Amino acid sequence: MTQAHSAVKSILYLNGVTKTFDGFKAINNLCLDIRPGELRAIIGPNGAGKTTMMDIITGKTKPDVGEVVFRDSIDLTQHDEADIANLGIGRKFQKPTVIESLSVWENLELALAGKRNVFQTLFFRLTQAQAHRVDEILALIGLPARRDDLARNLSHGQKQWLEIGMLIIQAPQLLLVDEPAAGMTDYETMETAKLLKNISKDHSVVVVEHDMEFIRALDSRVTVLHEGSVLAEGRLDVVQKDQRVIDVYLGR
Amino acid sequence: MRDTSVLQRLLLQDKPGKILLGCLCGLVVLVPIFNLLVPADSFFHVPTYVVTLLGKYLCFAILALALDLIWGYCGILSLGQGAFFALGGYAMGMYLMRQIGDRGVYGNANLPDFMVFLNWQELPWYWTGFDHFGFAVLMAVLVPGVLAFVFGWLAFRSRVTGVYLSIITQALTYALMLAFFRNDMGFGGNNGLTDFKEILGCDLQSSTTRVVLFVVTVITLALSYFLCKYITISKLGRVLVSIRDAESRTRFMGYRVEHYKLLVFVISAVLAGIAGALYVPQIGIINPSEFNPLNSIEIVIWVAIGGRGTLYGAVLGALLVNYGKTYFTGGIFAEFWLFILGALFIVTTIYLPRGVVGVADNWLALRRQKRLLLAAAPVEQV
Ligand SMILES: Nc1ncnc2c1ncn2[C@@H]1O[C@H](COP(=O)(O)OP(=O)(O)OP(=O)(O)O)[C@@H](O)[C@H]1O
Ligand SMILES: [Mg+2]
């Protein structure tokens with residue numbers, strides 16, 4: 001396959017991906033194609049393999065078989081987590097994970113795009129522009145007042161936002177966001193949907209979520225995952241009318 | 001310009017660091033005066049054995065700093081730091097052995113006594129170069145550093161963490177202990193290296209030499225503190241904390257966790273090696289028992305009691321516990337020392353997770369609050 005000289009056709013391409021845990025197929029012949037600049041929502045019952053899919057994309061888990069391709073040509077199965085992050089894929093975990101004993105500001109500074117080499121980090125000096133960028137993101141996620149507080153003292157929702165902020169400041173091309181609205185109030189959920197829609201203007205974003213109101217607010221293409229493969233794909237109102245989708249959700 | 005601002009950051013915002021530096025400056029000035037200039041019969045005279053004892057504590061403080069850097073900040077609980085200390089000690093011990101020359105019991109100018117005793121005809125190849133002080137110092141740094149590099153590279157690359165890492169570091173020091181016990185290793189076997197006479201042509205028994213060694217130790221401790229401090233306040237320090245708190249998250253941010261761990265692990269081993277090299281000329285002996293896994297566990301206890309992840313807490317812990325050890329093992333409690341130490345460790349980990357430093361912090365915060373309260377409500381006081 002020769003590299004196309006035109007713009008990237010698909011930012012993320014999964015084909016025939018399978019992952020087995022002790023004989024149990026968590027991901028089963030999964031195919032997925034995300035276009036540059038696309039916002040894609042992924043839904044599916046518990047255990048459908050949504051998080052495992054993200055593990056595979058970000059190099060945490062190696063698939064048994066299948067293609068995982070970033071920007072048409074980069075085979076992600078050949079890279080590890082740090083590599084993949086530096087290639088331009090950012091990830092928010094299902095359980096919010098921020099660095100508890102650093103301040104909100106330090107968390108963002110740490111995630112800030114830049115050189116990740118040991119010695120460069122040792123002698124790192126923040127530039128004016130970078131400091132400005134951190135403050136910008138701080139404002140975007142609505143936490144300027146908590147700037148110097150330790151991340152462990154944030155509320156659950158604030159941690160989620162901080163982690164989203166860390167994702168953005170990492171300047172990835174593709175964001176994988178696992179259940180950003182979990183544990184949030186209705187108001188926070190809607191704010192988060194707005195935030196992600198905003199981000200998707202200049203990033204490709206894949207969001208996993210259970211909250212249907214949230215998905216509706218995203219107003220994007222939806223992929224339904226079930227038992228490790230795609231069950232249906234399309235707009236939310238169409239997908240919701242799909243008999244197999246209804247069975248999967250009601251049959252439980 | 002940049003250097004001044006670094007120094008400023010190192011000193012100005014670090015109150016405990018300033019206190020520590022002040023104490024060390026005090027020691028550097030006062031100990032030589034009270035040992036060398038004040039007459040021996042004076043009440044104020046500091047006997048040479050006390051100077052040596054203090055020097056020993058300070059070597060342990062360097063060792064504790066080294067452990068705090070990797071454990072307190074990066075979560076690497078090494079139970080084998082004693083191995084790097086002992087290796088540094090052996091490097092220095094080998095130089096001191098060569099300095100004995102023909103003044104050994106057998107009067108053999110070419111071979112140390114224990115080799116003559118073993119009927120060896122010539123010096124093993126790995127003893128070459130140890131006639132030179134500079135070479136020995138280089139080895140005291142290089143051997144622990146290279147060992148830590150190889151060991152760390154294997155362990156961190158395979159993502160060995162937590163208890164498993166602790167166990168293999170214990171195994172490392174245990175294996176080295178067994179190896180150094182063997183006579184045919186050529187390091188003096190069971191008895192180790194001892195009966196030293198001179199260092200750089202100066203009599204090791206003289207008070208002046210002892211005082212100089214002490215001063216060098218104090219300076220090394222101060223420099224080690226600043227090195228560790230610089231690392232921990234740099235962005236690299238925050239990456240270390242990030243690895244400690246959420247290793248996987250750090251990877252997904254694009255940091256190569258194994259490189260960071262490897263760097264601090266090597267730095268820590270080198271500091272431990274230097275501490276060992278300073279320890280041996282003051283104590284006058286190095287033997288395989290320094291590799292005892294228990295020693296490495298003791299270092300962890302010093303740091304835990306002092307207060308992990310603060311650097312000065314590690315120094316304080318090393319001094320306090322070792323003073324306690326000297327005090328108790330000299331008296332009727334000698335037999336119970338290990339029990340006391342164990343109990344202290346359990347009590348601190350359960351009740352004082354931030355060690356002595358944490359207690360002091362809380363107490364200061366409480367007092368500040370009280371003062372604020374009093375200042376805010378002077379009228380209601382009658
Ligand atoms: N490391 C692992 N070892 C064994 N089984 C695993 C592992 N990781 C995931 N699984 C299994 O794979 C299946 C899919 O899990 P996954 O976490 O991807 O689901 P999910 O769609 O994210 O669910 P949820 O909505 O609850 O987050 C589950 O049955 C889970 O138990
Ligand atoms: Mg999940």
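Look a little higher up for the structure.
Below, the structure is looked at part by part.

Criteria and cut-off values
Residue positions are given per chain, counted from 1 along the sequence in the order it is written. Throughout, the order in which chains and ligands are written sets their labels, letters from A for the former and numbers from 1 for the latter. In view of the model being predicted, local features appear only for residues whose pLDDT reaches at least 70, and side-chain atom pairs are presented and counted only at 80 or more, with totals across whole chains, interfaces and linings using the full set of residues. Hydrogens and water molecules were not included; the side-chain quantities draw on all heavy atoms of the structure. A run of DSSP states H or I qualifies as a helix once it reaches four residues; a run of E qualifies as a strand once it reaches two. Both are numbered from the N-terminal end. Just to be clear, the radius of gyration here is over C-alpha atoms, and the globule rule we use is 2.2 Å times residues to the power 0.38. Think of it in three bands: residues with accessible area under 20% of the maximum for their type are buried, residues over 50% are exposed, and the middle band is partly exposed, with areas taken using a 1.4 Å probe on protein chains only. Residue contacts are defined here by distance: any two heavy atoms, one from each residue, within 4.5 Å place the two residues in contact. Computed with a 1.4 Å probe, the accessible areas rest on the Shrake-Rupley method; for each residue, only the protein chains presented here act as cover. The positive count covers Lys and Arg only, the negative count covers Asp and Glu only, and His and the chain ends enter neither. Charge coordinates come from a single atom per side chain, which is NZ of Lys, CZ of Arg, CG of Asp or CD of Glu. Helix span is expected to be 1.5 Å times the residue number reduced by one. A strand pair is defined by DSSP finding two or more bridges across the two strands. To get an axis, a line is fitted to the C-alpha atoms, and for a helix only the part in contact is used. The angle between two axes follows their N-to-C directions and goes from 0 to 180 degrees.

Here the focus is the overall build of chain A. Of regular secondary structure, chain A possesses 10 helices and 10 strands. Against the globule reference of 18 Å for 252 residues, chain A gives a C-alpha radius of gyration of 18 Å, in line with a compact fold. By principal-axis analysis of the C-alpha atoms, chain A measures approximately 55 × 45 × 40 Å. The proportion of buried residues among the 252 residues of chain A is 52%. When contacts within chain A are restricted to residue pairs at least 6 apart in sequence, those whose partners lie at least 24 apart make up 67%. Carbon and sulfur atoms form 51% of the exposed surface of chain A, whose accessible area is close to 11500 Å². In chain A, 29 positive and 34 negative side-chain charges are present, and the distance between their average locations comes to 2 Å.

Attention now goes to helix α5 (residues 128-140) of chain A. Residues and elements named next belong to chain A. With 13 residues, α5 extends 18 Å between its outermost C-alpha atoms, agreeing within 8% with the 18 Å of an ideal straight helix rising 1.5 Å per residue. On its buried face, α5 sits against α3 (104-111) and α6 (156-169). Phi turns positive one or two residues past the end of α5, at glycine 142, with a value near 70°.

Further remarks concern the sheet that holds strand β9 (residues 221-226) of chain A. Residues and elements named next belong to chain A. Within the open sheet, the 6 strands sit side by side as β6-β7-β8-β3-β9-β10. Their pairing is mixed. Since the sheet does not close on itself, it has two edges, and those belong to β6 (89-92) and β10 (229-235), each with one partner. Strand after strand, the sheet turns through a mean of 20° between neighbouring axes, direction not considered. Here 6 bridges tie β9 to β10, and the two strands are oriented antiparallel to one another. Bridging from a neighbouring strand, leucine 225 pairs with valine 230 of β10. Taken strand by strand, helix α1 (residues 50-57) contacts β3 (39-43), β6, β7 (174-178), β8 (204-208) and β9, and its axis lies near 150° from that of β7. Packed on one face of the sheet, helix α10 (residues 243-250) meets β3, β9 and β10 and runs near 120° to β10.

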